[in-house]
Amino acid sequence: MTPSAAPPSAPANAPHHHPIIRWQEGGQDCHARWRSERGAAVPKKVVLADDTLSADVAYRLACEGTALLWRGDFQNARQLLQALGRRIDQSARPGKRGRKQPPADAPPTALGAQDAAAAAAADAAVKGFHLHRQAQAQRARVLSMVLLSFSEDHGLTLRRSPDVRAACAQGWGEPQPGDGESVASLRELLGLISAYEWRKNGVEISALGAAPHNRIYPHYGVFSPVRGEYVGLVAAAPLPGPAAALKAFDIGVGTGVISAVLARRGIQQVTATDTDPRALACAAANLQQLGVADRVRLAQVNLFPEGRADLIVCNPPWLPARPSSPIEHAVYDEGSAMLLGFLKGLPAHLNPQGEGWLILSDLAEHLGLRTRVQLLAAIADAGLEVIGRLDTPPVHGKATDSTDPLHAARSVEITSLWRLASRA
């Protein structure tokens, strides 16, 4: 690793264009570029660690905020990460700190017994969700304390380490001369490797037709369309007119899957928007390999492009909560900003007789984060009316996983495509 002393042409106090992590090794002060996709702060305390470190000591250090820069065997580092995960799970088991439950014979409030019970259930759901998010954040913080050193070409030099250069290049970009060595968490590397495999293998989308021409290849940092049921709704909903005559907007293109479905349904003019360059690059690659790139124009804008359309589709993040990493922006919509922005802007961008399709799960309602009344009020306040709705139950694994902390909500979740039109 690079000693912290800078060459004469670069004073030691010269500003860096990226975060720097520092530690001591072999009696020298060392430093390297700090990489964190989720925007984690540079660890203030770093110690060297290897195969002699016990999982219990590693867990204590990680919980205290001490980062462990690994110098041992790569596979042993993975095993240590798994051991830390087990200790986190054990510390979070119910019973150690059982939640205080209201007495069963609590007197009803002025709202009435039924309304009071519903309010209490909603409050418990909200608290449960926020506790779950806090636990997720704590888990991520502890597991991210196991660090690895990467060479300038994104390679690893640890014993039994795989060749991770291609996976890192897809996530971090191709290495550039002068980048120097870098440090990132093992957890982030595993995410890079997982995304690399997703991109190689792709995700089969039945709504795009028969194999092999029905795969979407997510890029690193772009949310994968593993919840295929919502794509099926886009393929099944009745179009507001003959497909070949329609002009459509896809708001928040992501991997491009919705644009591809619209194009496969015969729509010749689709404008797809996103603010994330990664998403636009991902969508461009997918639309090209699916053979529909000539029907879709990509634009880097927030929400709506200029002009009007006959069909405007939006699949905003489903949960109104604060994201804690870039990838979570596809799941969490703080303050329902994208949802409300879409609804408020929709009437001004719809052609007469046009439709807006809002794809939204009711998971937020079951978690007490948003009510159906609030959603319908937002639709009405935007000058819109509901002219139809298609519903589908979840088919993903968590819907039937009774060990999932949010199982009660997920088991009754419904995903809907709301057909909206401007009020006359």
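Quick note: structure is the one above.
Rules behind the numbers
Residues numbered from 1 in each chain as written. Predicted model: local features only at pLDDT ≥ 70, side-chain atom pairs only at ≥ 80, totals over all residues. Heavy atoms only, no water. Helix = DSSP H or I, 4+ residues; strand = E, 2+ residues; numbered from the N terminus. Buried < 20%, exposed > 50% of the residue type's maximum accessible area, 1.4 Å probe, protein only. Contact = heavy atoms within 4.5 Å. Areas by Shrake-Rupley, 256 points an atom, 1.4 Å probe, with all protein chains shown as cover. Pairing = 2+ DSSP bridges. Right-handed = clockwise from strand over helix to strand, strands pointing away. Axes fitted to C-alpha atoms, helices over the stretch in contact; angles between N-to-C directions. Phe/Tyr/Trp six-rings, centres within 6.5 Å; stacked < 30°, edge-to-face > 60°. Salt bridge = Lys/Arg side-chain N within 4 Å of Asp/Glu carboxyl O. Polar contact = N/O pair within 3.5 Å; in protein donor to acceptor, adjacent residues only side chain to side chain.

A. Main features of the overall build of the chain. Within the chain one finds 12 helices and 16 strands. Counting all 424 residues of the chain, 43% fall into the buried class. Sequence separation of 24 or more characterises 70% of the internal contacts of the chain that already satisfy a separation of 6 or more. Here the chain displays about 21200 Å² of accessible surface, and carbon together with sulfur accounts for 53% of that area.

B. Structural view of the pairing of strand S11 (residues 269-273). With respect to burial, S11 is a largely interior element, four of its five residues being buried. As paired elements, strand S10 (residues 247-251) and S11 share five bridges and run parallel to each other. Residue Ala-248 lies in a different strand from S11, and its bridge partner there is Val-270. In this view, the connection linking S10 to its parallel neighbour S11 by way of helix H7 (residues 257-264) has right-handed handedness. Pairing analysis gives four bridges linking S11 to strand S12 (residues 296-299), with the strands arranged parallel. The residue bridging Val-270 from the neighbouring strand is Val-296, located in S12. A crossover connection joins S11 to the parallel S12 through helix H8 (residues 277-289); in handedness this β-α-β unit is right-handed.

C. Main features of the sheet that holds strand S13 (residues 309-314). Strand order in the open sheet formed by seven strands is S12-S11-S10-S13-S14-S16-S15, with mixed pairing between adjacent strands. Of all strands in the sheet, those with a lone pairing partner are S12 and strand S15 (384-392), marking the two edges. Between one strand and the next, the sheet's axes are offset by a mean angle of 20°, whatever the strand orientation. Relative to strand S16 (residues 415-422), strand S14 (residues 350-361) is paired through six bridges, and the arrangement is antiparallel. Within S16, the residue paired with Ser-361 across the bridge is Thr-415. Where helix H6 (residues 228-236) meets the sheet, its contacts fall on S14, S15 and S16, and the angle it forms with S16 comes to roughly 40°.

D. Main features of the environment of Pro-405. Within the element layout of this structure, Pro-405 appears in the loop between S15 and helix H12 (407-410). Each C-alpha atom of the pair Pro-405 and Phe-129 lies 8.4 Å from the other, and the pair is 276 residues apart in sequence.

E. Geometry of the packing of aromatic side chains. Considering all chains together, one arrives at four aromatic pairs under this definition. With a centroid separation of 6.4 Å and 50° between ring planes, the pair formed by Phe-129 and Tyr-332 is classed as tilted. Highlighted residues: Phe-129 in helix H3 (residues 113-143) and Tyr-332 in the loop between S13 and helix H9 (337-349), separated in sequence by 203 residues. Judged on exposure class, the residue Phe-129 and its partner Tyr-332 are both buried. Their ring planes at 10° and their centres at 5.9 Å tell us that Phe-304 and Phe-342 sit as a pair that is stacked. Placement of Phe-304 in the loop between S12 and S13 and of Phe-342 in helix H9 is noted, with a sequence separation of 38 residues between them. Both residues of the pair, Phe-304 and Phe-342, belong to the buried class.

F. Inspection of the pattern of salt bridges at higher detail. This model, assessed by the stated rule, comprises 17 salt bridges. Of the charged contacts in the structure, one is a salt bridge between Asp-179 and Arg-33, with a shortest N-O distance of 3.9 Å. Of the two residues, Asp-179 is situated in the loop between helix H4 (165-172) and strand S7 (182-185) and Arg-33 in strand S3 (residues 28-34); the sequence distance between them amounts to 146 residues. Under the relative-accessibility criterion, Arg-33 is labelled partly exposed at 22%. Between Arg-322 and Glu-334 there is a salt bridge, with its nearest N and O atoms 3.1 Å apart. Of this pair, Arg-322 sits in the loop between S13 and H9 while Glu-334 sits in the loop between S13 and H9, and the two are 12 residues apart along the sequence. Given a relative accessible area of 60%, Arg-322 falls into the exposed group. The network of salt bridges with common partners includes Asp-153, Asp-163 and Arg-165.

G. Region of the structure containing the side chain of Asn-214. Along the chain, Asn-214 falls in the loop between strand S8 (203-204) and strand S9 (215-216). For Asn-214, a relative accessible area of 2% corresponds to the buried category. Separated by 3.0 Å, the side chain of Asn-214 and the backbone oxygen of Gly-209 make a polar contact. Not counting residues up to four positions away in its chain, the partners in contact with Asn-214 are Val-203, Glu-204, Ile-205, Ser-206, Leu-208 and Gly-209.

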